Amino acid sequence: MTDALPIGMFDSGVGGLTVLREVMRQLPGESTVYFGDTARVPYGSKSRDVITRFSLEIGQFLLQEKVKMIVVACNTASAFALPTMRQKFKVPIVGVVAPGARAALAATQSRRIGVIGTEGTIESQAYSEAIHYLDPKAEVFGQACPLIVPLVEEGWLEKPLALEVVKEYLTPLLTNRIDSLVLGCTHYPLLKNLLGQVTGPGVKLIDSAEETARAVGQKLREDKLEAPSGSSGAMRYFYVSDAPEKFEKIGRRFLGQELPAVKRVDIGSWI
Ligand code: DGL
């Protein structure tokens, strides 16, 4: 059996396009509907209750768009809202935390794993829980890095200031002698070079975007939801809750290519 319906995906804004990029690369035949909650970004500093409410509203919107699966491309939303979304919605839901945790365990030798993310993601302990579920003996060291998201959105990927900020966050983390580091936020894959300079070659960087795309492919195969092979050209739809032009402009960097027309839609409630 196959299913030509699109995959739904959402994030607080442009960051989740790093996950979409990987899904497009690994699963080019799949159509996609992406929603960026640009009116309510950032998610990283908000509470579990608020993020869960936003995620449920977006899930409803994506289901109206007749998606066959929902990918929660935002780490903060995955950390906070995944269990509630799975209770409420019938379609399969794939988040970014479990794939990142699996990849970290596959990469580590010392079982000393670092995780960087937003305040919400780190405070939620979602990565530690996901890693400990698979390997109770692994040691997990988390560090919230709230200044990295705005740096990446500004395109400051190589500037000395960005290097200073990354050093400030990673230096204490590296004293824990980690051998792998989960990039637990949509924006961090864009800073891979800089992060690698600071960690040195002894620390493997785990890109949750790549792992999530793999998990999406696997879930589609398991549930027999793959797009029919030889289906003509995947369709791409982009929606945001505010400022579509800005999303298009910044989004290019995250997606690695131009975006087709981005539509603004009103969903859900305001805080
Ligand atoms: N998308 C968020 C995440 O991956 C980062 C941006 C935000 O704080 O909204 O956690």
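Because the structure is predicted, anything quoted here is derived from the model rather than measured. (Residues numbered from 1 in each chain as written. Predicted model: local features only at pLDDT ≥ 70, side-chain atom pairs only at ≥ 80, totals over all residues. Heavy atoms only, no water.)

J.: Would you mind going over the site of the ligand with me for this structure?
T.: Close contacts around the ligand come from 13 residues, with Asp11, Ser12, Tyr43, Gly44 and Thr76 the closest. Asp11 is positioned with one of its side-chain polar atoms (N or O) 2.7 Å from a nitrogen atom of the ligand. At 2.7 Å from an oxygen atom of the ligand is found a main-chain nitrogen or oxygen belonging to Tyr43. With the chains in place, 98% of the 300 Å² that the ligand exposes on its own is no longer accessible. Structurally, the shell around the ligand is a two-domain feature, drawing no fewer than three residues from each of domain 1 (7–95 + 211–269) and domain 2 (97–207). (Near = heavy atom within 4 Å. Polar contact = N/O pair within 3.5 Å; in protein donor to acceptor, adjacent residues only side chain to side chain. Areas by Shrake-Rupley, 256 points an atom, 1.4 Å probe, with all protein chains shown as cover. Domains from an automatic or database assignment.)

J.: Got a minute to help me understand the domain arrangement of the protein chain in this structure?
T.: Note: interface size is frequently given as the accessible area lost on complex formation between the parts. Considered domain by domain, the protein chain is made up of domain 1 (7–95 + 211–269) and domain 2 (97–207). Domain 1 and domain 2 are separated by 22 Å when their C-alpha centres are compared. Taken together, the contact between domain 1 and domain 2 spans 22 residues of the former and 23 residues of the latter. When the buried area of domain 1 at its contact with domain 2 is split by residue, Asn75, Glu211 and Arg253 rank highest and sum to 34% of it. On the surface where domain 1 and domain 2 come into contact, there are eight residue pairs in polar contact (both at pLDDT 80 or more). Mapped onto the side of domain 1 that touches domain 2, the elements with two or more residues apiece are helix 3 (75–88), helix 10 (208–222) and helix 11 (244–255). With five residues, the single largest contributor to the side of domain 1 that touches domain 2 is helix 3. (Contact = heavy atoms within 4.5 Å. Buried area = accessible area lost by both parts, 1.4 Å probe. Helix = DSSP H or I, 4+ residues; strand = E, 2+ residues; numbered from the N terminus.)

J.: Is there a simple way to think about the nonpolar core in this case?
T.: Counting residues in hydrophobic clusters, the biggest one holds 72 residues, and the most contacted among them are Leu17, Ile116, Ile148, Phe238 and Phe247. Split by domain, this core shows at least three residues from each of two domains, domain 1 (7–95 + 211–269) and domain 2 (97–207). Leave out the neighbours within four places in its chain, and Ile116 touches Ile122, Gln143, Cys145, Leu170, Leu173, Leu181, Val182, Leu183, Gly184, Cys185, Tyr188 and Leu195. Core analysis: the next-biggest nonpolar cluster, separate from the first, contains 25 residues, Phe54, Val67, Ala77 and Val91 among them. (Core = buried A, V, L, I, M, F, W, Y, C linked by side-chain atoms within 4.5 Å. Buried < 20%, exposed > 50% of the residue type's maximum accessible area, 1.4 Å probe, protein only.)

J.: What should I look at first to understand the environment of Ala227 in this one?
T.: Here Ala227 is to be found in the loop between helix 10 and strand 9 (236–240). In the structure, Ala227 is positioned 220 residues away from Ile7 in sequence and 9.8 Å away in space, judged by C-alpha atoms. In contact with Ala227, not counting residues within four places along its chain, are Thr2, Asp3, Gly29, Glu30 and Lys68.

J.: Mind showing me how you'd approach helix 10 here?
T.: One turn of an α-helix holds 3.6 residues; hence residues three or four places apart share an orientation. For helix 10, with 15 residues, the first-to-last C-alpha span of 21 Å sits near the 21 Å given by 1.5 Å per residue. Among the residues making up helix 10, those that are buried are Ser208, Ala209, Thr212, Ala213, Ala215, Val216, Gly217 and Leu220. Between a side-chain oxygen at the N-terminus of helix 10 and the backbone nitrogen of Ala209 the separation is 2.8 Å; the capping residue is Asp207. Residue Lys224 follows helix 10 closely and has a positive phi angle near 55 degrees. (Expected span 1.5 Å × (residues − 1).)

J.: Help me understand the sheet that holds strand 8 (residues 204–207) in this model?
T.: Backbone-to-backbone hydrogen bonds pair the strands of a sheet. The strands run either parallel or antiparallel. Strand order in the open sheet made by the four strands is 6-5-7-8, with parallel pairing throughout. Taken across any chain shown, the strands that pair with only one partner, and hence form the sheet edges, are strand 6 (139–144) and strand 8. The sheet shows a mean angle of 25 degrees between the axes of neighbouring strands, taken without regard to direction. Here five bridges tie strand 5 (residues 112–117) to strand 7 (residues 180–184), and the two strands are oriented parallel to one another. In the sheet register, Ile116 faces strand 7, and the bridge partner there is Leu183. Its contacts with the sheet place helix 9 (residues 192–199) against strand 5, strand 7 and strand 8, and it is angled at close to 150 degrees to strand 8. (Pairing = 2+ DSSP bridges. Axes fitted to C-alpha atoms, helices over the stretch in contact; angles between N-to-C directions.)

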